[in-house]
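# Coordinate inspection notes
What follows is each chain in one-letter form.
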Amino acid sequence: MFDHIGFFVSDFETSIAFYEACLEPLGITVVQRQPDFNAAILGGEEMFPFIWIGGTPEDGDYHGTPLKRGSNRPMHLALKAPSELAVREFYSRGLASGGRCNGKPEDCGDGYFAAYLIDPDGNNIEAGIRQ
């Protein structure tokens, strides 16, 4: 089990609006804003694990790794949903908040129901429930 996942986004305000909208049906909300870092922490009922999202500076450094706003590396983040309804809400709210379809809510086989979105930075975000 992980403690937290962190990633940088190119436009913090656009991305945090997307994540707030589509993750809320999964029980994941902003639990702390970090304006000094242009970042936010999102979590569920327990504080850990959590997701850290930070805005990428024009030019910067993160513990020795150079950061540049235009150089993103797509990631895949899959989150557990409490129900099929939550998967559907994740999908519809994500689309309404600037996400793009990367797979409509459907039965993916072996009792797994999921939906896939592309976030504003091109990352594949998935919500699913194993039944």
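A brief report on the enclosed structure follows. (Residues numbered from 1 in each chain as written. Predicted model: local features only at pLDDT ≥ 70, side-chain atom pairs only at ≥ 80, totals over all residues. Heavy atoms only, no water.)

### Some points on the pattern of salt bridges
To keep it simple, the criterion reads: One speaks of a salt bridge when a side-chain nitrogen belonging to Lys or Arg is within 4 Å of a carboxyl oxygen belonging to Asp or Glu. We count a stretch as a helix when DSSP gives it H or I for four or more residues in a row; a strand needs E for two or more, and each element gets its number in order from the N terminus. Whether a residue is buried, partly exposed or exposed follows from its accessible area with a 1.4 Å probe, protein chains only, as a fraction of its type maximum: under 20%, in between, or over 50%, in that order.
Within this structure, the stated rule accounts for three salt bridges. Arg33 is the salt-bridge partner of Glu20, the closest N and O atoms lying 3.0 Å from each other. Taken together, the positions of Glu20 in helix α1 (residues 12-23) and Arg33 in strand β2 (residues 29-34) put the pair 13 residues apart, joining distant regions of the chain. According to the relative accessible area criterion, Arg33 is partly exposed, its value standing at 45%. Residue Arg93 is joined to Glu89 by a salt bridge in which the shortest nitrogen-to-oxygen separation is 3.1 Å.

### Some details on the pairing of strand β10 (residues 124-130)
This is how the line gets drawn: Two strands are said to pair when DSSP picks up at least two bridges between them.
Judged by how many residues are buried, β10 sits mostly within the fold: six of seven residues are covered. Both strand β7 (residues 76-80) and β10 contribute to a ladder of five bridges, which runs parallel. Directly across from Leu77, in β10, lies its bridge partner Ile125. For strand β9 (residues 112-118) and β10, the ladder comprises seven bridges, and the chain directions are antiparallel. Residue pairing across strands places Tyr112 opposite Arg130, the latter belonging to β10. Hairpin remark: β9 followed by β10, antiparallel, with five residues in the connecting loop; positive phi at Gly122, about 90 degrees.

### Regarding the packing of α1 against helix α2 (residues 84-96)
Threshold: Angles run from 0 to 180 degrees between N-to-C directions of axes, and those axes are lines fitted to C-alpha atoms, restricted for helices to the stretch in contact. Here is the rule for angles: anything less than 35 degrees is roughly parallel, anything more than 145 is roughly antiparallel, 65 through 115 is roughly perpendicular, and the remaining ranges are oblique. It is the rotation of the near helix from the far one that decides the hand of a crossing: anticlockwise by less than a right angle makes it left-handed, clockwise makes it right-handed. Whether two residues are in contact is decided by their heavy atoms, any of which lying within 4.5 Å being enough. Side-chain classes follow a simple rule in which Ala, Val, Leu, Ile, Met, Phe, Trp, Tyr, Cys and Pro form the nonpolar group, Asp, Glu, Lys and Arg form the charged group, and the remainder, Gly included, forms the polar group.
Running from amino to carboxyl end, α1 crosses α2 at an angle of 155 degrees, the nearest separation of the two axes being 7 Å. With respect to each other, α1 and α2 are oriented roughly antiparallel. In this structure, α1 crosses over α2, and the sense of that crossing is right-handed. Here α1 contributes Phe18, Ala21, Cys22 and Leu23 to the contact with α2, which in turn contributes Phe90, Arg93 and Gly94. Looking at side-chain class alone, the contact of α1 with α2 contains five nonpolar, one polar and one charged residues.

### Notes on a nonpolar patch on the surface
Just so we agree on the cut-off: A patch is a set of surface residues, each over 30% in relative accessible area and not in a salt bridge, joined within 9 Å for like charges and within 5 Å for the nonpolar side chains Val, Leu, Ile, Met, Phe, Trp and Tyr. For the accessible areas, the method is Shrake-Rupley and the probe is 1.4 Å, while residue cover comes only from the protein chains on display.
Nonpolar side chains collect at one region of the surface, where Val31, Met47 and Phe48 lie side by side and expose about 280 Å² of accessible area between them. Of note, Val31 is situated in strand β2.

### Digging into the sheet that holds strand β4 (residues 50-55)
Across the sheet, which stays open at both edges, the four strands sit in the order β1-β4-β3-β2 with mixed pairing between neighbours. Each edge of the open sheet is held by one strand with a lone partner, namely β1 (4-9) and β2. Here the average twist between neighbouring strands, direction ignored, is 20 degrees. As judged from the six bridges shared by β1 and β4, these two strands associate in the parallel manner. Of the residues in β4, the one forming a bridge with Ile5 is Ile51.

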